Amino acid sequence: KPDPERVRGLQRRYPAFARGPLDMLVGTGDDRFRGNGVRCRVHAASFPPGSFVEIEPGVFVASPELLLVRLAPKLSLPHLAQLGTEFCGEYGLSLEDKKAYERPPLANAARIGSIVERCAGENGIARARDALRYIQNGSESPRETTIALLFDLPVRLGGGGLVVPEMNHVIPATHYVWRATGRRSLRCDLIWPDAKLAIEYDSDLHHKGDDRVAGDATRRTALARMGIEVVTVASRHLRNAAEFEIIVRHVANRLGKRPRLSQAGWLSKHIELRNHLLDPY
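Cut-offs and rules
Residues numbered from 1 in each chain as written. Predicted model: local features only at pLDDT ≥ 70, side-chain atom pairs only at ≥ 80, totals over all residues. Heavy atoms only, no water. Helix = DSSP H or I, 4+ residues; strand = E, 2+ residues; numbered from the N terminus. Polar contact = N/O pair within 3.5 Å; in protein donor to acceptor, adjacent residues only side chain to side chain. Contact = heavy atoms within 4.5 Å. Buried < 20%, exposed > 50% of the residue type's maximum accessible area, 1.4 Å probe, protein only. Core = buried A, V, L, I, M, F, W, Y, C linked by side-chain atoms within 4.5 Å. Pairing = 2+ DSSP bridges. Axes fitted to C-alpha atoms, helices over the stretch in contact; angles between N-to-C directions. Parallel < 35°, antiparallel > 145°, perpendicular 65-115°, else oblique. Left-handed = near helix turned anticlockwise from the far one by under 90°. Nonpolar A, V, L, I, M, F, W, Y, C, P; charged D, E, K, R; others polar.

## Description of the side chain of S51
So, step 1. Tracing the backbone shows S51 in the loop between β2 (38–42) and β3 (52–56).
So, step 2. Here the side chain of S51 touches P48 through a polar contact of 2.6 Å, landing on its backbone oxygen.
So, step 3. Non-local contacts of S51, meaning those with residues more than four positions away in its chain, are made with V61, A62, S63, L66 and I115.

Take a look at the structure:
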């Protein structure tokens, strides 16, 4: 049974615990207690290994993998996939202003899948399984995650319904490219390796210095030399659904897919999905 004084001490030491109601899992109804900013929830069943992380002796918090399972009934499929990709990426979002900051990955897609499969019977587990199809490792920014999901989420939700791309995939440079650029490898934000097609996000396409423009051109030429086509997605394309549709159709064609974007209301669904993803959680 949690000790109220110790709980108050945790809230003083960990500011995140004091930001809102603190959910505590207890084994029986008799273990609950009432306190300001504390909600005790009874969960008698056991959890699979890897469900919790010990932050200090005797104090455990839900692991990112378990957190996704617990949030599955509360979040939409796009937001659940977005959060999972953030956990598996190299960035986080601050609670205060939702700005991104760099950090090591908190989880990976395989570990999430393992926990999801061992939590069969939990409320929302079907949605968690659906989200797993779109959770990727390696994203380095919220925009990369958003663009990937706009390409691969189902058409019925306003996505492109395409094959899930790999994120920040490392491509070994050929000898010619290495000699010309001095780089042993190149990376692309999103890539479909079998199709030799990559997506690069450029947030400030029209506000670059000459050196960066030249560097980007050299990099794209090097990738083209290696047989990889690079398609650029800019901030403007995220704001203009018609222009983004052109890109989705081109990518679908290169992947050998027949886009089903003519379904009734797709464009309005796409705009709704885009706005949903640009306003995370």
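On we go.
## Some words on helix α3 (residues 77–87)
So, step 1. In terms of residue burial, α3 counts as a mostly covered element, since 11 of its 11 residues are buried.
So, step 2. If you check the start of α3, you find a side-chain oxygen 3.2 Å away from the backbone N of H79, and it comes from S76.

## A short note on the nonpolar core
So, step 1. Grouped together as the largest cluster of nonpolar side chains are 49 residues, with contacts concentrated most on I147, F151, W192, I199 and V251.
So, step 2. Residue contacts for I147: discarding those within four places in its chain leaves L190, I199, Y201, V233 and L238.

## Considerations on the pairing of strand β4 (residues 59–62)
So, step 1. Summarising the sheet, β3 and β4 pair through 4 bridges and their orientation is antiparallel. Along β4, the bridge assignment pairs F52 with A62.
So, step 2. What sits between β3 and β4 in their antiparallel hairpin is a turn of 2 residues, with G58 showing a positive phi close to 80°.

## Re the packing of helix α6 (residues 142–152) against helix α11 (residues 266–277)
So, step 1. Running from amino to carboxyl end, α6 crosses α11 at an angle of 155°, the nearest separation of the two axes being 10 Å. As judged from the angle between their axes, α6 and α11 are roughly antiparallel. When the axes of α6 and α11 are compared, the crossing they make is right-handed. Packed against α6, whose contacting residues are T146, L149 and L150, the element α11 presents H270, L273, R274 and L277 at the interface.
So, step 2. Taken together, the residues of the contact of α6 with α11 sort by class into 4 nonpolar, 2 polar and 1 charged.

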